[in-house]
Amino acid sequence: MTEREFATEVVSKLQRAGFTALFAGGCVRDELLGLIPADHDVATSAKPEEVQGLFRRTHTFGASFGVVEVLGPKDANGEWLKVQVATFRSDGTYTDGRRPDSVTFSSPEEDAARRDFTINGLFQDPISGTVYDHVGGQADLKAGVLRAIGNAEERFTEDKLRILRAVRMAARFELTIDPATFAAAKRMASEIQAVSAERIAEELRKILTNRHRERGVRLLAEIGLVEHILPTVNRDPDEWERTCVALGRLPPHASFELAFALLFRKAGPGSVGSISRKLRLSNDEWNRVSWLWVHNECPFSRDEPNSTLYPLLAHPAIHELIALHRAEGTDPAVLDHLDGLLLDNPPETFNPPRLITGDDLKAMGLKPGPRFKALIDEVRALQLDGHLKTRREAEEKIRERVGLSQQE
């Protein structure tokens with residue numbers, strides 16, 4: 001059973017029990033666009049306790065807002081199916097600029113009116129196929145327009161993240177932002193700082209991992225969001241244009257870390273680190289972004305010695321680094337050569353077992369200290385360049401270096 005099939009079963013059971021039940025929001029939009037929705041949300045006239053009474057397995061994480069998660073069987077991948085069922089509602093005031101202080105259970109019309117954009121205010125009966133449009137979402141989809149429902153400034157005041165969501169959705173679906181919606185977003189751009197770092201980071205991930213990331217980043221700048229969420233990127237007009245163009249050259253499914261590192265091309269030292277901390281990126285994200293950013297500044301050449309090249313080729317992000325250099329305009333022949341090396345050689349070619357370790361140096365009678373790393377790194381470089389092939393040769397080189405040092 002698929003997630004859509006399970007969601008349809010949930011709708012059918014609610015309808016048989018006498019309630020109105022419909023697919024709601026993004027899943028309706030996606031299906032009208034011919035896309036496969038990531039999930040299917042259900043809106044219903046049933047109250048949370050009535051939903052819980054109809055289904056055996058439920059989770060009530062959002063019951064105070066009328067949301068109950070209904071759990072189903074496992075899908076073909078062994079994952080538990082689940083569908084969020086929300087009671088039709090209208091929202092009270094938004095004191096924190098994120099979620100309503102209170103909700104009132106209401107009608108489909110009122111529920112649609114409290115949503116963010118017209119294309120997200122649609123309902124559909126999956127059984128009959130009928131679409132219910134109380135906000136003009138279908139017309140906006142056909143016209144390629146992203147429009148806030150009702151007064152744009154009110155919608156953005158309710159949840160400031162909607163300003164950033166407008167950018168993401170306009171870029172993802174190749175929509176033109178309605179002039180009134182655009183103007184309100186631009187006036188309120190500075191208020192995005194009231195949104196938590198985690199929520200901003202999640203929207204940025206979605207913008208930067210979408211194939212329309214170049215347009216998304218350009219819209220961030222046009223609306224005035226860049227200076228508030230990415231203040232340390234290089235905004236010199238010429239460099240910013242090169243950055244946007246380079247983002248457009250990335251592979252369609254480029255990772256967030258790759259696009260984020262490229263976004264900070266030509267930014268000053270520490271700039272990407274400060275924003276990564278501000279956005280609370282994970283350690284894994286930060287480590288990958290940092291490695292890509294640092295090595296984006298390192299020129300590739302077919303003449304690089306193995307001791308310089310092999311550690312890069314052995315890194316798990318090497319394919320992303322090559323993609324980064326392609327986007328930046330590095331000589332394609334050089335990058336094709338690197339791709340060929342990766343294709344023609346097993347990974348251990350670039351990261352063979354070390355000939356000597358710190359323990360080996362201790363066994364040779366050397367005392368641990370700053371010189372250890374220098375000796376190990378020198379031996380490793382000579383190994384990768386083919387000048388040392390055995391442990392015995394490595395030990396001889398160590399003795400030679402230590403002897404010279406002692407004579408000095």
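Throughout what follows, the structure given in this document is the object of discussion. (Residues numbered from 1 in each chain as written. Predicted model: local features only at pLDDT ≥ 70, side-chain atom pairs only at ≥ 80, totals over all residues. Heavy atoms only, no water.)

Considerations on the overall build of the chain
Along the chain, the regular secondary structure elements total 21 helices and eleven strands. For 408 residues, the compact-globule estimate of 2.2 N^0.38 gives 22 Å, and the C-alpha radius of gyration of the chain, at 28 Å, exceeds that figure by more than 25%. The principal-axis extents of the C-alpha atoms in the chain amount to approximately 90 × 50 × 40 Å. Taken across its 408 residues, the chain has 48% of its residues classed as buried. (Helix = DSSP H or I, 4+ residues; strand = E, 2+ residues; numbered from the N terminus. Rg over C-alpha atoms; globule rule 2.2 N^0.38 Å. Buried < 20%, exposed > 50% of the residue type's maximum accessible area, 1.4 Å probe, protein only.)

So, unusual backbone geometry
A positive phi is found at Glu174, a non-glycine position, where the angle reads about 55°. On the secondary structure map, Glu174 appears in the loop between α7 (161-172) and β11 (176-177). Classification of Glu174 by relative accessible area gives exposed; the value is 53%. Notably, Lys266 is not glycine yet its phi reads approximately 65°, a positive angle. Note that Lys266 resides in the loop between α13 (256-263) and α14 (271-278).

A word on helix α15 (residues 283-296)
Across its 14 residues, α15 extends 20 Å between first and last C-alpha, which sits within 8% of the 20 Å expected from 1.5 Å per residue. Listed in full, the buried residues belonging to α15 are Glu285, Val289, Trp291, Leu292, Trp293, His295 and Asn296. Looking at the packing, one finds that the buried side of α15 touches α9 (197-208), α13, α14, α16 (306-313) and α17 (318-328). (Expected span 1.5 Å × (residues − 1). Contact = heavy atoms within 4.5 Å.)

As for the packing of aromatic side chains
In this structure the tally under the stated criterion is five aromatic pairs. Ring centres of Phe256 and Phe260 lie 5.2 Å apart, and the angle between their planes is 35°; on these two criteria the pair is classed as tilted. Within this pair, Phe256 and its partner Phe260 are both found in helix α13, separated by four residues, close to a single helical turn. Across the pair, Phe260 and Phe256 agree in class, each one buried. With a centroid separation of 5.0 Å and 50° between ring planes, the pair formed by Phe260 and Phe264 is classed as tilted. (Phe/Tyr/Trp six-rings, centres within 6.5 Å; stacked < 30°, edge-to-face > 60°.)

A word on α16
Turning to α16, its buried residues are Leu309, Tyr310, Leu312 and Leu313. Around the axis of α16, the buried residues are gathered within 160° of arc, so they sit on the same side. If you follow the buried residues of α16, they end up packed against α15, α17, α18 (332-344) and α20 (370-384). (Arc of directions from axis to C-beta.)

With respect to the side chain of Asp178
Tracing the backbone shows Asp178 in the loop between β11 and α8 (179-187). Among the polar contacts made by the side chain of Asp178, one reaches the side chain of Arg147 at a distance of 3.1 Å. In this structure the side chain of Asp178 is engaged in a polar contact, spanning 2.9 Å, whose partner is the side chain of Thr181. For Asp178, the residues in contact, after removing those within four places along its chain, are Val145, Leu146 and Arg147. (Polar contact = N/O pair within 3.5 Å; in protein donor to acceptor, adjacent residues only side chain to side chain.)

Section: the nonpolar core
Counting 99 residues, the largest nonpolar core has Leu14, Leu225, Leu230, Phe260 and Phe264 as its most contacted members. Leu375, Leu388, Ala394 and Val402 belong to the second largest nonpolar core, which has eleven residues in total. (Core = buried A, V, L, I, M, F, W, Y, C linked by side-chain atoms within 4.5 Å.)

Here we look at the layout of surface pockets
Taken as a whole, the second largest pocket holds about 150 Å³ of empty space. Those elements that provide at least two residues to the lining of the second largest pocket are α1 (3-16) and β4 (67-74). Taken together, the residues that form the lining of the second largest pocket break down as five nonpolar, one polar and five charged. (1 Å grid on protein atoms, 1.4 Å probe; cavity = no way out; pocket = protein on both sides within 12 Å on 5 of 7 lines; lining within 4 Å. Points joined across faces, edges and corners; volume = space filled by probe spheres on them. Nonpolar A, V, L, I, M, F, W, Y, C, P; charged D, E, K, R; others polar.)

Comments concerning the side chain of Asp111
Mapped onto the elements, Asp111 comes out in helix α4 (residues 108-113). Those residues within four positions of Asp111 in sequence are excluded, and the remaining contacts are Thr87, Phe88, Arg89, Ser106 and Phe123.

Here we look at the pattern of salt bridges
Evaluated as defined, the whole model comprises 34 salt bridges. A cluster of three or more residues bridged by salt bridges with shared partners is formed by Glu154, Arg155, Glu158 and Arg162. (Salt bridge = Lys/Arg side-chain N within 4 Å of Asp/Glu carboxyl O.)

A word on the pairing of strand β1 (residues 21-24)
In summary, the side chains of a regular strand alternate between the two faces of the sheet. With burial as the criterion, each face of β1 is covered, one bearing Ala21 and Phe23 and the other bearing Leu22 and Ala24. In this structure, β1 lies alongside strand β2 (residues 41-44), joined through four bridges in antiparallel fashion. Across the sheet, residue Ala21 finds its bridge partner in β2, namely Thr44. Sheet topology note: the β1/strand β8 (residues 122-124) ladder contains two bridges and is antiparallel. Among the inter-strand pairings, Phe23 is bridged to a residue of β8, identified as Gln124. (Pairing = 2+ DSSP bridges.)

Focus: the environment of Ala139
Take Ala139: it is sitting in helix α5 (residues 137-143). Take Ala139: its relative accessible area is 49%, and that puts it in the partly exposed class. Remark: the alpha-carbon pair of Ala139 and Thr118, spanning 21 residues in sequence, is separated by 9.1 Å.

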